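# Structural features, examined
Residue strings, one per chain:
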Amino acid sequence: MKFPIVGTTQLLGVIGDPIGHTLSPVIHNRALAALGLDYVYLPFAVKPADMAVAIAGLGALNVQGFNVTIPHKQSVIAHLGEITPLAAQVGAVNTVWPTEKGWAGTNTDVQGFLAPLRSLSQSWQETQVMILGYGGAARAVVAACDQLGCQGMTIAGRNPEKLAAFGQSWPQLKAPLKTILWEHLTPNLSEAALVVNTTPIGMAPHGDQSPLSQEQLAQLASTAIVYDLIYKPRPTRLLAHAHAQGLHTIDGLEMLIHQGAIALEQWIGQPPDITVMINAAQEFLGLNC
Ligand code: NAP
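Residues numbered from 1 in each chain as written. Predicted model: local features only at pLDDT ≥ 70, side-chain atom pairs only at ≥ 80, totals over all residues. Heavy atoms only, no water.

Right, let's get into the sheet that holds strand S8 (residues 152-157). Within a sheet, each strand pairs with its neighbour through backbone hydrogen bonds, oriented either parallel or antiparallel. Reading across the sheet, the six strands line up as S9-S8-S7-S10-S11-S12 and stay open at both edges, with parallel pairing between neighbours. Single-partner strands in this sheet number two, and they are strand S9 (177-181) and strand S12 (248-250). This sheet shows a mean twist of 20° between the axes of neighbouring strands, independent of strand direction. The sheet contact formed by strand S7 (residues 128-132) and strand S10 (residues 194-197) spans four bridges and is parallel. The residue of S10 that forms the bridge with isoleucine 131 is valine 196. Contacting S10, strand S11 (225-228) and S12, helix H4 (residues 109-118) crosses the sheet at an angle of about 150° to S11. Set on the sheet, helix H6 (residues 160-167) makes contact with S8 and S9; between it and S9 the angle comes to about 175°. (Pairing = 2+ DSSP bridges. Helix = DSSP H or I, 4+ residues; strand = E, 2+ residues; numbered from the N terminus. Axes fitted to C-alpha atoms, helices over the stretch in contact; angles between N-to-C directions. Contact = heavy atoms within 4.5 Å.)

As assigned here, the protein comprises domain 1 (10-107 + 254-285) and domain 2 (110-251). One C-alpha centre belongs to domain 1, the other to domain 2, and the line joining them spans 26 Å. At the junction of the two partners, domain 1 supplies 13 residues and domain 2 supplies 20 residues. Both faces considered, domain 1 and domain 2 share a buried interface measuring about 1400 Å² in area, 63% of it formed by carbon and sulfur atoms. When residues of domain 1 are sorted by the area they lose upon contact with domain 2, Gln89, Val90 and Met255 head the list and together hold 43% of the total. (Domains from an automatic or database assignment. Buried area = accessible area lost by both parts, 1.4 Å probe.)

A few words on the sheet that holds strand S1 (residues 10-16). Taken in spatial order, the six strands line up as S2-S1-S3-S5-S6-S4 in an open sheet, and their pairing is mixed. Each having just a single partner strand, strand S2 (39-45) and strand S4 (82-83) make up the two edges of the open sheet. The sheet contact formed by S1 and strand S3 (residues 66-68) spans three bridges and is parallel. Looking at the pairing, isoleucine 15 lines up with valine 68 of S3. Helix-sheet contacts for helix H1 (residues 24-35) involve S1, S2 and S3, and the interaxial angle to S2 is about 170°. Contacting S1, S2, S3 and strand S6 (102-106), helix H2 (residues 51-60) runs over the sheet at an angle of about 110° to S6.

Inspection of the entire model under this criterion finds five salt bridges. Of the charged contacts, one joins lysine 47 and aspartate 17 as a salt bridge, the two residues approaching to 3.1 Å between their closest N and O atoms. Here lysine 47, found in the loop between S2 and H2, pairs with aspartate 17, found in the loop between S1 and H1; they are 30 residues apart in sequence, far enough to count as distant. With a shortest N-O distance of 3.0 Å, aspartate 109 and lysine 73 are connected by a salt bridge. In this pair, aspartate 109 is assigned in helix H4 and lysine 73 in the loop between S3 and S4, connecting sequence segments 36 residues apart. (Salt bridge = Lys/Arg side-chain N within 4 Å of Asp/Glu carboxyl O.)

The next point concerns the packing of H4 against helix H10 (residues 253-268). Direction vectors running N to C along H4 and H10 enclose 130°, while the axes themselves pass 7 Å from each other. One element, H4, and the other, H10, form an angle in the oblique class. You can see that H4 and H10 cross each other, and the crossing is right-handed. Residues Asp109, Gln111, Gly112, Phe113, Ala115 and Pro116 of H4 touch H10, and the partners they reach there are Glu254, Met255, His258, Gln259 and Ile262. For the contact of H4 with H10, the residue count by class is five nonpolar, four polar and two charged. (Parallel < 35°, antiparallel > 145°, perpendicular 65-115°, else oblique. Left-handed = near helix turned anticlockwise from the far one by under 90°. Nonpolar A, V, L, I, M, F, W, Y, C, P; charged D, E, K, R; others polar.)

Printed below as a string of structure tokens:
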């Protein structure tokens, strides 16, 4: 955000319900200020019943782009003129921009998730992935691991019906995907080279919890990577135990920042400074660096 806001200031924003928890204004306004751009990024609380009028209103107000968060990531698709093949595969949109034909949408969570993995510059062809949970974030993780070229994926979940529905919702994956019930997790861990927690287990204020026990972590190979999408507390109990065991760990902060940075580049046509965005998030969340 550049001060002062003047008559030429362009609008960006995020829609969600509730919206009070969002970090997006913090990271985007800091990145826009660092670039010296005449934009402001605002939070918009939009009830599900008001989606059509809200999206038409964003267009009428000449908003230059917006993010979409819970609970609108799926339902927004019906209000867009086009979505990318990636967003169609994930079944969710988190980034929208105006085109001559109306609004277009994509999903930047996938590339956000991949950013810290790609920086490891290793081959993923022989990587078996264990994904804990089958919610919205798990959908982005499956699409991402398929894009990465992983050998196969296993999804662990606690509800048999939801698990089966998730497993059947991927007609075009390159990598085989299997589903297992949570209670069958332990014997499947030894083959996992990448474990991803997409459940909220361990998220503040329940930082004393972990989706895997220390005994379960001990089943993993010493070269395994443990990736927790949660970014507060930092580290989570899961990552603290994995790190103590000598495993490579990744938390959710980089994913959060990179999905935002990709969205911002889509809107303003230039890459923002990732470090500026990370610092803004860490300051706001009171995280350890
Ligand atoms: P979601 O759609 O509500 O999905 C949560 C999943 O966790 C569901 O599959 C749920 O299963 C499962 N789960 C919850 N409690 C469980 C338990 N005790 N045991 C087993 N499974 C359990 O949420 P989401 O949007 O995917 O987000 C999930 C997490 O990822 C949150 O912590 C969120 O903050 C984080 N996230 C981080 C980023 C990032 O940028 N770093 C981005 C997106 C999400 P049931 O349906 O059976 O309850």
